[in-house]
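In case you want the letters, here they are:
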Amino acid sequence: MSLLQIANLRRAFYGLEVLRGVDMTVQAGGITGLIGPNGAGKTTLFNVVSGLVPPDAGSIRFDGREISGLAPDAVSRAGLVRTFQVARGFPKLSVFQHLMLYGRDQPGETLWQAIVGTRAARQREAELAERAWETARFLRLDELIDNPATALSGGQKKLLEIGRALMAAPRLVLLDEPTAGVNPTLQNEIGERLLELPKRGITVLLIEHDMGFIAQLCNPVIVMAEGQVLTEGTFDSVRADHRVREAYLGRRAA
Amino acid sequence: MLNYLLFIATIGSIYGLLALSLNLIWGGTGMVNLGLAGFFAVGAYASALTTTTGHMPILAGWVLALIVGGAAGLVVVLSTTRLREDYLAIVTLGFAEVVRLVASNEIWLTRGTDGISGIPGPWRVALGREYFNAVYLPILLVVLLLVYWLMRRIDGSPYGRALRAIREDAQVAQVAGKPVLRFKAQAFALSAAIAGLAGALYGHFTSYIAPDLFLPLITVYIFLAVASGGVGSPAGALVGAYLLIALLESARFFVELIPAVTAVQRAALKELLIAVALILVLRLMPKGLLPERIPRAPLVGGKP
């Protein structure tokens with residue numbers, strides 16, 4: 001079943017066409033890789049799909065519903081959560097607070113229920129707290145659960161982003177370079193943890209430049225270049241494709 | 001002397017209310033509201049006019065001050081949804097000046113720069129000057145404690161957590177699924193309502209209000225109070241407000257002791273002393289006297 005269907009998606013900045021009619025389908029379940037040389041439009045695609053940047057044209061169907069033009073919070077509540085290339089969070093909030101924030105359907109987030117402290121609000125908070133602890137233990141962040149995000153290393157911040165996605169329990173998560181700037185040991189750990197997401201019913205679409213990482217985790221792999229999808233297939237078939245080499249290395253070198 | 005102390009404690013408590021209002025919006029949500037004095041004035045005028053021109057009971061004036069303050073806040077925040085940080089600060093500062101100019105010039109409504117005198121206080125006539133202050137302060141403290149309790153409730157709730165997330169990075173909060181505009185509008189309106197209530201309580205205490213009592217200096221004072229008390233902590237905001245009023249008043253006595261200076265020089269020295277004291281507080285305790293704390297994760301199911 002296709003979870004995300006993007007058709008003829010376009011977006012230009014100051015006359016420069018960054019997305020030039022992207023057509024892409026992401027199947028439910030599994031980890032799909034999105035690769036392509038710098039400037040191919042991968043991050044812009046994430047920005048448009050997650051609602052941060054409105055598209056100029058085209059359609060984005062998620063879970064059978066058109067989501068292009070929705071505000072980022074509405075997209076998020078529809079079950080599509082993203083992370084950022086440079087880990088972004090809430091510097092002064094603790095690991096625990098980060099995890100709790102991504103919990104869905106919190107009655108305590110309405111002003112009235114927050115003040116009164118209704119039973120429903122307390123119950124949901126207790127449920128989420130239990131899940132937040134589980135998630136922290138799963139990512140081995142439980143020792144750091146009361147630390148502010150500023151006190152985490154780059155790799156731990158990346159792990160926390162995965163934790164946030166787990167707490168939100170979305171249908172689809174867009175990960176923008178989940179291992180950028182992370183040492184190889186931690187990179188393996190992040191990869192292992194990522195494998196858990198599809199098992200919990202979370203489909204993953206991730207941008208990554210580390211080809212070893214892509215080869216290990218992703219099937220299929222989608223290749224973007226110059227604002228369009230170039231090709232799609234298993235990692236080996238994509239690697240063998242001469243168009244992909246041209247896109248990365250330039251026409252003459254290939 | 002006792003009456004003077006009661007007077008100071010009352011003004012301190014009104015500043016405390018303003019500090020709680022500012023802490024909610026600045027400390028809790030990260031929005032810089034330089035128009036605090038404007039909302040303070042709106043509430044003061046709403047209640048004063050209701051009870052003098054409108055001949056309504058004092059309590060009705062207070063409730064109306066809350067509503068009008070909150071409504072003014074809602075108008076300001078909804079007309080600035082596209083603005084952030086410095087720009088929001090400029091617009092709110094402008095709002096406060098507009099309020100003051102309207103109060104000075106719409107004489108038919110506000111009696112202009114003459115101000116409104118004879119604002120009734122609860123049982124003021126029966127009690128006389130002597131006892132009125134002693135009765136008003138407890139009433140004010142009850143209101144202050146109620147608002148403080150409210151702020152603590154919000155602070156420890158999922159609602160307060162979402163506000164903090166918006167303060168740290170509104171875009172990421174949105175990606176996390178939080179309707180940022182709803183949170184900002186509610187918090188701003190609530191904060192403005194509290195400032196309006198503070199204005200009403202001020203007017204009924206002094207029995208007289210005029211446009212020049214609502215200068216931007218009040219806003220600056222409250223920012224100093226919240227900063228020195230600890231941005232983001234309601235207890236800090238309260239402590240900061242009382243500290244500020246204590247500094248303002250004790251500086252007055254202190255400069256009296258300095259020989260061979262003229263009255264003008266004395267006034268300047270007073271300002272200097274207050275500035276030095278506040279700089280010292282922030283130099284020694286950069287996060288304020290009672291800084292915001294990260295709440296610890298609750299232990300679940302007996303496991304750490």
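This is a predicted model, so every value here is computed, not measured.

A.B. asks: It is not clear to me how the environment of Lys42 of chain A should be interpreted in this structure. Could you clarify?
C.D. replies: All names here are of chain A. Structurally, Lys42 can be placed in helix 1 (residues 42-49). Considered as a pair, Lys42 and Leu186 are 144 residues apart in the sequence and their alpha carbons are 24 Å apart. Ignoring any residue separated from it by four or fewer positions in sequence, one finds Lys42 in contact with Leu34, Ile35, Gly36, Pro37, Ile207, His209 and Met224.

A.B. asks: Any chance you could explain the nonpolar core here in plain terms?
C.D. replies: Across soluble globular proteins, nonpolar side chains show a tendency to be buried alongside one another. Of all hydrophobic cores here, the largest spans 139 residues; its most connected members are Tyr102, Leu194 and Leu206 of chain A together with Tyr15, Leu17, Ile209 and Ile222 of chain B. The element that contributes the greatest number of residues to this core is helix 9 (residues 180-206) of chain B, accounting for 14 residues. Dropping the residues within four chain positions of it, Ile209 of chain B is found in contact with Ala44, Tyr45, Ala48, Gly115, Ile116, Ile119, Tyr202, Gly203 and Phe214 of chain B.

A.B. asks: Looking at this structure, I do not really get the pairing of strand 4 (residues 57-62) of chain A. What am I missing?
C.D. replies: Residues in a regular strand point their side chains to alternate faces of the sheet. Residue and element names in this part refer to chain A. Judged from the five bridges that link them, strand 1 (residues 2-13) and strand 4 form a sheet pairing that is antiparallel. Bridge assignment links Ala7 to a residue of strand 4, and that residue is Ser59. Of the pairings in the sheet, the one linking strand 4 to strand 5 (residues 65-66) comprises two bridges and is antiparallel in character. The residue of strand 5 that forms the bridge with Phe62 is Arg65. Taking the residues between adjacent antiparallel strands as the criterion, strand 4 and strand 5 are bridged by two residues, where Asp63 takes a positive phi near 55°.

A.B. asks: Is there a simple way to think about the sheet that holds strand 10 (residues 228-233) of chain A in this case?
C.D. replies: Note: strands within a sheet are paired through backbone hydrogen bonds, in either parallel or antiparallel orientation. All names here are of chain A. The strand order 6-7-8-3-9-10 describes an open sheet built from six strands, whose pairing is mixed. The outermost strands of the open sheet, each flanked by one partner alone, are strand 6 (80-82) and strand 10. Taking the axes of each pair of neighbouring strands and ignoring which way they run, one obtains an average angle of 20° across the sheet. As paired elements, strand 7 (residues 172-176) and strand 8 (residues 203-207) share five bridges and run parallel to each other.

The rules behind these values
Residues numbered from 1 in each chain as written. Chains lettered and ligands numbered in written order. Predicted model: local features only at pLDDT ≥ 70, side-chain atom pairs only at ≥ 80, totals over all residues. Heavy atoms only, no water. Helix = DSSP H or I, 4+ residues; strand = E, 2+ residues; numbered from the N terminus. Contact = heavy atoms within 4.5 Å. Core = buried A, V, L, I, M, F, W, Y, C linked by side-chain atoms within 4.5 Å. Buried < 20%, exposed > 50% of the residue type's maximum accessible area, 1.4 Å probe, protein only. Pairing = 2+ DSSP bridges. Axes fitted to C-alpha atoms, helices over the stretch in contact; angles between N-to-C directions.

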